[in-house]
Amino acid sequence: MNRLVYIAKRLILGVPVLLFGLTVTFLVLYLGPIDPVLAILGRDANPTAARQLEIALGLRYPNGNPIPLWVQYKNFLVDMLTFNFGDSWGVARNQPVMDLIIGRLPATLWLGFWSVVIALGLGVPIGLYAGLNSNSWGDYTASFGGIVWRAMPNFWLAVMLAGTLSAGGLLSGYRDFLIKTDVIGTSDALGHLFSGITPFTGIPILEFFWIPIPNLMPMAAALKWILPAALVLGSASMGNEVRIGRTAVLESLNSEYIDTAKAKGVSTRKIITKHVGRNAVIPLLPVIMGEFYLLIGGSVLVESVFSINGLGNLFLRAAFAADIPVLMSLTFIFIVIQILFNTTQDLLYTYIDPRIALSDNSE
């Protein structure tokens, strides 16, 4: 099957998943305990004001009659599928939800990117090392470390790390190390990551070719600021990668094709890089792709503890404020991203292991 056809088919199959997810979200938000009028006006709200607010929020017709649930559901689907996210009800009253999401997206992307880099940069090499050196002290240390990292809940680790690195904490000197930053809140330097691109001064040959480079100081400051939160967010995935990577390497090393390769005189380096490494990546792929989902959806608690003004924090604030448009829009985005990641994961399988065909029988 052609890969473009395969991708198109996977995306089409994602439509029912998207509709199911949106339907469940709609039913939970509209039939659940969330009451936006109560959240906005409070329990002592005037009935007339409450009725007017329901009309303004689109829960009632202008004549005061309630809008049937199926009509609200139809309008909701049309709005989501046309990217008409509407205005916020509670977090930032009457502000477009799209503006809120775009404004908080950089902080979440920055946090998610570095959490993935930390998890991949540490978890995968340590897991492969443990598998290649099984039953050694290095293996025992790596395996124990992986279990410890996996066992620590994100919210507990976030609170401990934030308290230790904040003012008065045991490691508060971190804030003044190399670049003076903080660990709580959103770095001001984050807003200058890309606006700070300046011509490279001091190296004539680069100036001659007009080669611009980013201003590295805002990037370094934003990285140092976000590093503790990224370490917390990537910790659970890092533990999984160590454990799964070790197991995958051991299974590959004990396979018959490895014995065959050794019997043919294939070098150890080639066996590890060409056979063991490739087969060990296959079980790691779902874990790695799951980490990319952290870019958007997995940072609610971490962003709240570190007071990072990102999408996770926005989702939590919208839940407390009964801001249904924001909750629905974020859920819609999360589902779409998950479908795209799943499709990418299935496609990567076929590149890593050509035995996985793109036919219907293989799915």
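Residues numbered from 1 in each chain as written. Predicted model: local features only at pLDDT ≥ 70, side-chain atom pairs only at ≥ 80, totals over all residues. Heavy atoms only, no water.

Some points on the overall build of the chain
Scanning the chain from N- to C-terminus turns up 14 helices and 2 strands. Expressed as a percentage of its 363 residues, the buried residues of the chain come to 40%. Relative to all contacts within the chain whose residues are 6 or more apart in sequence, the contacts with residues 24 or more apart total 73%. Put simply, the chain shows about 19800 Å² of open surface, and 66% of that area lies on carbon and sulfur atoms. (Helix = DSSP H or I, 4+ residues; strand = E, 2+ residues; numbered from the N terminus. Buried < 20%, exposed > 50% of the residue type's maximum accessible area, 1.4 Å probe, protein only. Contact = heavy atoms within 4.5 Å. Areas by Shrake-Rupley, 256 points an atom, 1.4 Å probe, with all protein chains shown as cover.)

With respect to the packing of helix α6 (residues 137–151) against helix α9 (residues 216–253)
The description of two helices packed together rests on the angle between their axes and the distance between the axes. Between α6 and α9, the least distance of the axes is 8 Å, while the angle of their chain directions is 135°. In terms of orientation, α6 and α9 fall into the oblique class. Seen along the crossing, α6 lies across α9 with a hand that is left-handed. Residue-level inspection shows D139, A142, S143, G146, W149 and R150 of α6 in contact with α9, the latter providing L231, S235, A236, M238, G239, N240, V242 and R246. Tallied by class, the residues present in the contact of α6 with α9 amount to 6 nonpolar, 5 polar and 3 charged. (Axes fitted to C-alpha atoms, helices over the stretch in contact; angles between N-to-C directions. Parallel < 35°, antiparallel > 145°, perpendicular 65-115°, else oblique. Left-handed = near helix turned anticlockwise from the far one by under 90°. Nonpolar A, V, L, I, M, F, W, Y, C, P; charged D, E, K, R; others polar.)

Here's the deal with the side chain of E54
By secondary structure assignment, the location of E54 is in helix α3 (residues 47–56). Here the side chain of E54 touches R60 through a polar contact of 2.3 Å, side chain to side chain. If sequence neighbours within four positions are ignored, E54 has contacts with V37, L59 and R60. (Polar contact = N/O pair within 3.5 Å; in protein donor to acceptor, adjacent residues only side chain to side chain.)

Re unusual backbone geometry
Leaving glycine out, the prevailing phi sign among residues is negative, and the prevailing peptide bond configuration is trans. At F83, a position not held by glycine, the phi torsion is positive, near 60°. Take F83: it is sitting in the loop between α4 (69–81) and α5 (97–132). Accessibility expressed as a relative area gives 54% for F83, which makes it exposed.

Some thoughts on the packing of α5 against α9
Their axes nearest at 4 Å, the elements α5 and α9 cross at an angle of 30°. By the criterion of interaxial angle, the relationship of α5 to α9 is roughly parallel. Judged by the twist between their axes, the crossing of α5 over α9 is right-handed. Partitioned by chemical class, the residues of the contact of α5 with α9 number 26 nonpolar, 7 polar and 2 charged.

Looking at α9
Compared with the 56 Å implied by 1.5 Å per residue over 38 residues, the 43 Å span of α9 between its first and last C-alpha is markedly short. For α9, the principal kink sits at L227 and spans about 45°; a proline, P228, occurs within the next four residues. (Expected span 1.5 Å × (residues − 1). Bend = angle between axes of the 7 residues up to and from the residue.)

Digging into the packing of aromatic side chains
With the rule as written, the count across this model stands at 10 aromatic pairs. Here F26 and Y30 contribute two aromatic rings whose centre-to-centre distance is 4.4 Å and whose plane-to-plane angle is 25°, an arrangement assigned as stacked. On the criterion of helical spacing, the pair formed by F26 and Y30 is a turn pair, its members being 4 residues apart in helix α1 (residues 3–31). F26 gets classed as buried once you look at its relative accessible area, which sits at 1%. The partly exposed category is assigned to Y30, whose relative accessible area is 24%. Here the aromatic rings of F83 and F332 are separated by 5.8 Å at their centres, their planes lie at 70°, and the arrangement is edge-to-face. (Phe/Tyr/Trp six-rings, centres within 6.5 Å; stacked < 30°, edge-to-face > 60°.)

Regarding the nonpolar core
Grouped together as the largest cluster of nonpolar side chains are 39 residues, with contacts concentrated most on L22, I101 and L314. At the level of elements, α1, α3, α4, α5, α11 (268–293), α13 (311–320) and α14 (324–352) are the ones that each hand at least two residues to this core. Examining the composition of this core, we find that 14 residues originate from one element, α14, more than from any other. Among all residues touching I101, those that are not within four sequence positions of it are F85, L311, L314, S329, L330 and I333. Ranked by size, the runner-up nonpolar core spans 25 residues in total, among them L111, L165, A189 and A229. (Core = buried A, V, L, I, M, F, W, Y, C linked by side-chain atoms within 4.5 Å.)

Comments concerning the confidence of the model for the chain
This prediction gives the chain a mean pLDDT of 80; 87% of its residues lie at or above 70. Here strand β1 (residues 198–199) is the element of the chain with the lowest mean pLDDT, 50, and α4 is the one with the highest, 88. (pLDDT = per-residue confidence, 0-100.)

Some remarks on a nonpolar patch on the surface
Together, F155, W156, V159, M160 and L301 give the surface a local cluster of nonpolar side chains, amounting to about 500 Å² of exposed area. By residue number, the principal contributor to the nonpolar patch is helix α7 (residues 154–165), which donates 4 residues. Relative to the elements of secondary structure, L301 occurs in helix α12 (residues 300–305). (Patch = residues over 30% accessible without salt bridge, like charges linked within 9 Å, V, L, I, M, F, W, Y side chains within 5 Å. Salt bridge = Lys/Arg side-chain N within 4 Å of Asp/Glu carboxyl O.)

A short note on the pattern of salt bridges
Oppositely charged side chains are able to pair whenever their charged atoms sit close together. Taken as a whole and judged by the stated rule, the model has 4 salt bridges. Residue R246 pairs with D139 through a salt bridge whose shortest N-O separation is 2.6 Å. Here R246 is found in helix α9, whereas its partner D139 is found in helix α6, with 107 residues between them in sequence. Take D139: its relative accessible area is 1%, and that puts it in the buried class.

Description of the environment of M238
You can see M238 is positioned in helix α9. Along the primary structure M238 and G121 are separated by 117 residues, whereas in three dimensions their C-alpha atoms are 8.9 Å apart. Excluding residues within four positions of it along the chain, M238 makes contact with I118, A119, L122, G123 and W149.

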